[in-house]
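Overview (structure and organization)
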Amino acid sequence: MPYAIGIDLGTSNSVVSIVKDGVPTVISDEKGNRTHPSVVWFAWGRKVEGDGILVGARAAHQVMLAPEGGVYSAKRLIGRTIDSLEVQKAREVVPYEILEGPHRDLRIRVHKQVYPLAEISAHVLRYLKGIAESYLGESVEQAVITVPAYFNDSQRQATRDAGRIAGLEVLRIINEPTAAALAYGLGAHRDENVAVYDLGGGTFDVSILRIQGDVFEVVSTAGDTYLGGDDFDGVVVDYLLGQLDDAGRTAVSRS
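Conventions we followed
- Residues numbered from 1 in each chain as written.
- Predicted model: local features only at pLDDT ≥ 70, side-chain atom pairs only at ≥ 80, totals over all residues.
- Heavy atoms only, no water.
- Salt bridge = Lys/Arg side-chain N within 4 Å of Asp/Glu carboxyl O.
- Helix = DSSP H or I, 4+ residues; strand = E, 2+ residues; numbered from the N terminus.
- Buried < 20%, exposed > 50% of the residue type's maximum accessible area, 1.4 Å probe, protein only.
- Core = buried A, V, L, I, M, F, W, Y, C linked by side-chain atoms within 4.5 Å.
- Contact = heavy atoms within 4.5 Å.

**Notes on the pattern of salt bridges**
Using the criterion set out here, one finds 11 salt bridges in the structure. One salt bridge in this structure joins Arg104 and Asp83, with 3.5 Å as the shortest N-O distance. Taken together, the residues span a long stretch of sequence, with Arg104 in the loop between strand S8 (97–100) and strand S9 (106–110) and Asp83 in the loop between strand S7 (70–71) and helix H2 (85–91) at a distance of 21 residues. Residue class for Arg104 comes out partly exposed when judged on its relative accessible area of 45%. Put simply, Glu133 and Lys129 hold a salt bridge, and the shortest N to O gap is 2.8 Å.

Structural data, given as structure tokens:
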């Protein structure tokens, strides 16, 4: 029976896993990495293997050398409209240009080439699919993908579209807090209400779940899509730059 893979498509990093012989396993790449940067880098005017697109750790490294070719934090934008607050914030910090498509969907322009947002996520999903296939030694055509509980229908459909573009039949879209509760065995022996905190690279979410038997209901969810690890890094960088500026001005005044 062919395997279906489980994918946590994250803002900063993604994870791919399988259940083999009843045991869930997070799949590592050839270097032993269990998490994979959700980064895509497009070449311009230089030779890169394949079709000139890098994904994952190599893409993240290349972004440091040539940031104008990099696309990251695409999950913050997927399924949103051009006038949303999240898109306005993203425009202030990302190196790529965010455009509106013909159906109010978002597009990204890199090196004068325009890409649908679902295509960006599809590159990451295709990369994870390849890692799983290398591990299993066989092709993979089905997946279950987790998404934040606050994702609306448009965002969930955009995730499904990304899976289809990547060559995957998306069997289920599961809320991330539900997946976490299942992974830790909550509700296995009694009905209960639980709070799930999810501090990721791009967001900080809190969800309240009501578990009754085999039913996991998200009662309430809230969060901030700009309060993740990436944002913490940005605050630290801004602070350090401010300290360097102050030190420079002090040195100049003393001279």
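**A word on the nonpolar core**
Judged by nonpolar contacts, the single largest core of 46 residues is most densely connected at Ile5, Ile7 and Ile98. Here the element with the most residues in this core is helix H3 (residues 117–136); it accounts for 10 residues. Not counting residues up to four positions away in its chain, the partners in contact with Ile7 are Val15, Val16, Leu125, Leu128, Ala143, Val144, Ile145, Thr146 and Leu168. Counting residues in each nonpolar core, the second largest holds 7 residues, with Trp41, Ala43, Leu54 and Ala59 among its members.

What is shown is where atoms sit, not what they do.
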